[in-house]
Amino acid sequence: MAAAEGFAADICAAHVGFDPKYSFVDAEEQDIQQLRNLFEGAPEARTAQIKATVDAFVASHINGPQITWHDDHGDIAANVKLEAYSSRLMVIGRPVHMDAADALHSALFDAHRLVLVAPRDASSAERTIGRHIVIGWKPGTPVERAAEAALPWLRKAEKVSVIWVPKGGKAPYDASGRQFFERLGIAANVIRLEPNGQSVGAQLLAETTRLGGDCLLIGAFRHSALWNALLGGVTHDVLAHAEIPVFMMRAR
């Protein structure tokens, strides 16, 4: 709802929980799902719990925009792609279980949509998204595509800050950042961060908080998801520690 403020937006709460009855899975996957049912409940119970949460949220926001409900149980990747066809933005919580991780992976790697990853604690009544957007800049297709997809929010923002961390042996990033956002017609303040021993992802998050940004925008997974999971990377670090909403998109 915070991301939709100021837009004539349609909001859909789409449940994309996995259900083996509607998917083709091997015996090993069936065993995994049976174990999962013991700890998390059957798919029907999980769906009912999520629907109750959505209904309670809608009931507590009677003056908010209408939120429709889709129950897309079955194969998560297929249903995320189906929902993405008519979506400008996909909002997904920071993964805390298998379904959420699969949904985020599919949105980034299969649907190629702009994704807004919500923090674990997203319940603040004062939450805003897009008044002050901070962008983690490194010249290249990932962040450029993410910024282009986020243009409606960038144009509406009161302030846009572009931050970058120099890398040994690489030319400075500030000129490319200024040129790119000037080309988009976005007035942006470009800020150089000095390396301080933290990972780049940690620096981006800390600086966003220091600047008073209400969200961060980055490109996503320059390498494969497996590479980032094993060795880390900006996307991995940001996802692991972000306490603010994060816009991200993976270029095709």
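Remember, it's a predicted structure, so these values are computed and weren't measured experimentally. (Residues numbered from 1 in each chain as written. Predicted model: local features only at pLDDT ≥ 70, side-chain atom pairs only at ≥ 80, totals over all residues. Heavy atoms only, no water.)

Peer 1: What is the right way to read helix α5 (residues 141-149) from this model?
Peer 2: Note on helix geometry: an α-helix contains 3.6 residues per turn, so any two residues three or four positions apart are oriented the same way. Looking only at α5, the buried set comprises P142, V143, A146, A147 and A149. In an axial view of α5, the angular spread of the buried residues amounts to 160 degrees, which keeps them on one side of the axis. Tucked inside the fold, the buried residues of α5 contact β5 (132-136), α6 (151-156), α7 (174-184), β8 (215-219) and β9 (246-249). (Buried < 20%, exposed > 50% of the residue type's maximum accessible area, 1.4 Å probe, protein only. Helix = DSSP H or I, 4+ residues; strand = E, 2+ residues; numbered from the N terminus. Arc of directions from axis to C-beta. Contact = heavy atoms within 4.5 Å.)

Peer 1: What am I meant to see in unusual backbone geometry here?
Peer 2: Trans peptide bonds make up most of the peptide bonds, and negative phi angles are found at most residues other than glycine. The backbone of H112 sits at a positive phi, close to 55 degrees, despite the residue not being glycine. For H112, the location among the structural elements is in the loop between α4 (98-111) and β4 (115-118).

Peer 1: Can you walk me through the packing of aromatic side chains in this structure?
Peer 2: Here the distance between the centres and the angle between the planes together describe a pair of aromatic rings. One pass over the full model with this rule turns up six aromatic pairs. Ring plane angle 90 degrees and centroid distance 5.1 Å describe the contact between F180 and F181, whose orientation is recorded as edge-to-face. Each member of the pair F180 and F181 is classed as buried. By the ring-pair criterion, three or more aromatic residues cluster together here, those being F7, W153 and F247. Here K51 stacks its cationic end above the ring of W69, 5.6 Å away from the centre of that ring. (Phe/Tyr/Trp six-rings, centres within 6.5 Å; stacked < 30°, edge-to-face > 60°. Lys NZ or Arg CZ within 6 Å of the ring centre and 35° of its normal.)

Peer 1: Whenever I open this one, the packing of α5 against α7 confuses me. Can you help?
Peer 2: Angle between the axes and distance between the axes are the two parameters that describe a pair of packed helices. Interhelical geometry of α5 versus α7 gives an angle of 25 degrees and a closest axis separation of 11 Å. In terms of axis orientation, α5 runs roughly parallel to α7. Of the two elements, α5 crosses α7, and the hand of that crossing is right-handed. Between α5 and α7, the residues in contact are E144, A147 and E148 and F180, F181 and L184, respectively. Among the residues making up the contact of α5 with α7, the classes are represented as four nonpolar, no polar and two charged. (Axes fitted to C-alpha atoms, helices over the stretch in contact; angles between N-to-C directions. Parallel < 35°, antiparallel > 145°, perpendicular 65-115°, else oblique. Left-handed = near helix turned anticlockwise from the far one by under 90°. Nonpolar A, V, L, I, M, F, W, Y, C, P; charged D, E, K, R; others polar.)

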